[in-house]
Amino acid sequence: MGRISRIATATSPVRGRLAPSPSGDLHLGHARSFLLAWWQARSQGGEIILRMEDLDADRCVEGAEQSVLEDLHWLGIDWDGEIVRQSDRLQLYEDALTKLWSDGHLYPCTCTRKELAEAASAPHPTETPQGPGGAEPGLYPGTCRGRFDSREAAMEATGRGAAWRMKIPPGECSFRDGIWGDYVEDVSATVGDFPVTTKDGRAAYQLAVVVDDADQGVDHVLRGDDLLSSTARQIHLQRALGLPSPAWYHVPLVIDGTGQRLAKRHDSLSLRRLREGGWKASEVLSWVASSVGLDGVSRATASDWLEDFRLESLPQGAVIGPVS
Ligand code: GLU
Ligand code: ZN
C-alpha cells in the first residue's frame, strides 16, 4: 500500500508510534504516554514514528503541530523518518474503503445524529473516558443495513450525506493487552456496526489509524487507555483488510486531584505552561519515571532512563498529576 510501505519491511524488534492530534497544547498526560511509548521502543533498540492525526478539521487548531513538536523536543523525544500527516494520506484510506466495500463489509448509513441518539437502545456502559472518535456512541441497531445499494443511492433517496458503516457480526473479539491482560469485547453488543467515515465520506479515526499503523509497519501500539474501547473495533478492521494486529499497551490516564482525566481545559498542566512557569524537562521526566516505579532521582534527558525502563512495572491504576 502506497509509498511508505517500504519502511514496513525494515527489521526492528519494536516499531512504535507517537500519534498526537494537533488539537491543542499537550499536557502531562500526553507527556507520559509519549515518553512511555518512546522508552518502550528505544529501550529495546526499536524505532518509533511520528504521525500527526489531523483528519478532524473541527478539532485541529492552528499552530498546534508546531507546539507539539516543541514539546517533544523539550522532552528529548525523537522519532524515525519524516513526520507523517494523515491529511496527506487520503488516497490510502480511499483504497481501504474500496476494498472493504467490494468485500461486502460496508453499507451506507444516512441516520442523523438525532436519529442515532434516539435509536441507541441504552447508554454504552463505558468505563473509560472518550477517545478521539468522540463520546462512545450507543449501540447502533443496524437501521440502514441492507437498505441501500450504494452510497450514491442512499444520498439520492434521502437527500442526506451518508457515512460508511462496518458490518459487525455477533461474536467475541479477544485480544491481549500488555497492561490490562486478556480483554474481550463483542462489538456487535457494545457499539454495533460502527462508522468508518464521516457523513461526507471522509475516513474516520478508526479506519485511518488501522490503515496507517499497518502501512507504517507499527507493531507496538502504546497509548492512553481511553482507547482500550476502540481496540476491538480496530481489530475487526484489521481482519477485514487482511492486516496484522500490533501488540497493544493501554496505559492509565493521568487524572487531576478530583479524579478527572486531564484534558485541554487543564491549561495549567499543559507542557507549555509548565515550561513558562519554570519547570524543567528533567522534572517532568522524573515525575513520569516515578509514576512507573523508577526512582525519583533527577536525570537530565529522556534517554538517561532507557536502561532502567521496564514496562512490566507500570501500575494499572490512574495516575494523579504532580500539580493541579
Ligand atoms: N490521535 C489520537 C489522540 O490524540 C491517538 C490515536 C491512537 O493512539 O490510536 O488521542
Ligand atoms: Zn443509519
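Residues numbered from 1 in each chain as written. Chains lettered and ligands numbered in written order. Predicted model: local features only at pLDDT ≥ 70, side-chain atom pairs only at ≥ 80, totals over all residues. Heavy atoms only, no water.

A.B. asks: I'm lost on the sheet that holds strand β4 (residues 106-109) in this one. Help?
C.D. replies: Two strands in a sheet stick together by hydrogen bonds in their backbones, pointing the same way (parallel) or opposite ways (antiparallel). Pairing within the open sheet is antiparallel, and its 3 strands lie in the order β4-β5-β8. Taken across any chain shown, the strands that pair with only one partner, and hence form the sheet edges, are β4 and β8 (194-195). Note: strand β5 (residues 163-166) against β8, 2 bridges, orientation antiparallel. Across the sheet, Arg165 pairs through a bridge with Pro195, a residue of β8. Across the sheet, helix α3 (residues 90-102) lies against β4 and β5, angled at about 105 degrees from β4, the strand it touches most. (Pairing = 2+ DSSP bridges. Helix = DSSP H or I, 4+ residues; strand = E, 2+ residues; numbered from the N terminus. Contact = heavy atoms within 4.5 Å. Axes fitted to C-alpha atoms, helices over the stretch in contact; angles between N-to-C directions.)

A.B. asks: Explain the site of ligand 1 here, please?
C.D. replies: Neighbouring ligand 1 are 9 residues, the closest being Arg17, Ala19, Glu53, Tyr205 and Arg223. Between ligand 1 and the protein, one listed contact pairs a nitrogen atom with a backbone N or O atom of Ala19 at 2.8 Å. Between ligand 1 and the protein, one listed contact pairs an oxygen atom with a side-chain N or O atom of Tyr205 at 2.7 Å. In isolation ligand 1 offers 300 Å² of accessible surface; the protein chains occlude 85% of this area. For the shell around ligand 1, the class distribution of residues is 5 nonpolar, 1 polar and 3 charged. (Near = heavy atom within 4 Å. Polar contact = N/O pair within 3.5 Å; in protein donor to acceptor, adjacent residues only side chain to side chain. Areas by Shrake-Rupley, 256 points an atom, 1.4 Å probe, with all protein chains shown as cover. Nonpolar A, V, L, I, M, F, W, Y, C, P; charged D, E, K, R; others polar.)

A.B. asks: Is there a simple way to think about the nonpolar core in this case?
C.D. replies: Soluble globular proteins: nonpolar side chains tend toward being buried together. One finds Leu28, Leu36, Trp39 and Ile77 to be the most contacted residues of the largest nonpolar core, which totals 44 residues. Among the elements of the structure, α1 (28-43), β2 (47-52), α2 (64-75), β10 (247-251), α9 (271-276) and α10 (281-291) are those that each provide at least two residues to this core. Element by element, the count of residues in this core is highest for α1, at 9 residues. When sequence neighbours within four positions are dropped, the list of residues in contact with Ile77 reads Leu18, Phe34, Leu35, Trp38 and Leu72. Leu97, Phe194, Ala208 and Leu227 belong to the second largest nonpolar core, which has 35 residues in total. (Core = buried A, V, L, I, M, F, W, Y, C linked by side-chain atoms within 4.5 Å. Buried < 20%, exposed > 50% of the residue type's maximum accessible area, 1.4 Å probe, protein only.)

A.B. asks: Sorry if this is basic, but what is going on with the packing of α1 against α10 here?
C.D. replies: For any two helices packed against each other, the geometry is given by the interaxial angle and the distance between the axes. In the contact formed by α1 and α10, the axes pass within 10 Å of each other and the chain directions differ by 70 degrees. Here α1 lies roughly perpendicular to α10, going by the angle between them. Judged by residue contacts, Leu28, Ala31, Arg32, Leu35, Leu36 and Trp39 of α1 engage Val284, Leu285, Trp287, Val288, Ala289 and Ser291 from α10. Counted by class, the contact of α1 with α10 contains 10 nonpolar, 1 polar and 1 charged residues. (Parallel < 35°, antiparallel > 145°, perpendicular 65-115°, else oblique.)

A.B. asks: I would appreciate a short explanation of the packing of aromatic side chains in the present structure.
C.D. replies: Geometrically, a pair of aromatic rings is defined through the distance of the ring centres and the angle of the planes. Under the defined criterion, the tally for this structure stands at 5 aromatic pairs. Summarising the aromatic geometry, the rings of Trp39 and Phe309 are spaced 5.6 Å apart at their centres and angled 40 degrees between planes, so their arrangement reads as tilted. Of the two residues, Trp39 sits in helix α1 while Phe309 sits in the loop between α10 and β12 (319-320), which places them 270 residues apart along the sequence. The pair Trp39 / Phe309 is uniform in exposure class, with both members buried. (Phe/Tyr/Trp six-rings, centres within 6.5 Å; stacked < 30°, edge-to-face > 60°.)

A.B. asks: Looking at this structure, how should I read the coordination of the zinc ion (ligand 2)?
C.D. replies: Octahedral metal centres with six donors ideally show angles of 90 or 180 degrees, and tetrahedral centres with four donors ideally show 109.5 degrees. In this structure, Cys109 (SG), Cys111 (SG), Tyr140 (OH) and Cys144 (SG) serve as the protein donors to the zinc ion (ligand 2), at separations of 2.2 to 2.3 Å. Metal-centred angles of 98 to 120 degrees between the 4 donor atoms at the zinc ion (ligand 2) mark the site as tetrahedral. Counting along the primary sequence, the residues that act as donors to the zinc ion (ligand 2) give the motif C-x1-C-x28-Y-x3-C. Classification of Cys109 as buried rests on a relative accessible area of 2%. (Donors = N, O, S within 2.8 Å, 3.2 Å for Na, K, Ca; no water. Tetrahedral: all angles 85-135°; square planar, octahedral: opposite > 155°, others 65-115°.)

A.B. asks: For this particular structure, what's the right way to read the sheet that holds β2?
C.D. replies: The 3 strands are arranged β1-β2-β3 in an open sheet whose pairing can be described as parallel. Edge positions in the open sheet fall to β1 (15-18) and β3 (84-85), since each of these has one partner strand only. For β2 and β3, the ladder comprises 2 bridges, and the chain directions are parallel. Paired with Arg51 across the two strands is Val84, which belongs to β3. Of the strands in this sheet, β1 and β2 are in contact with α1, which crosses β2 at around 150 degrees.

A.B. asks: Any chance you could explain the packing of α3 against helix α7 (residues 205-215) here in plain terms?
C.D. replies: Put simply, α3 and α7 touch, their axes get as near as 10 Å, and they point 105 degrees apart. Here α3 is positioned roughly perpendicular relative to α7, judged by the angle of their axes. Across the interface between the two elements, Leu92, Tyr93, Ala96, Leu97 and Leu100 of α3 pack against Leu207, Ala208, Val211, Asp212 and Asp215 of α7. Residue classes in the contact of α3 with α7 are distributed as 8 nonpolar, no polar and 2 charged.

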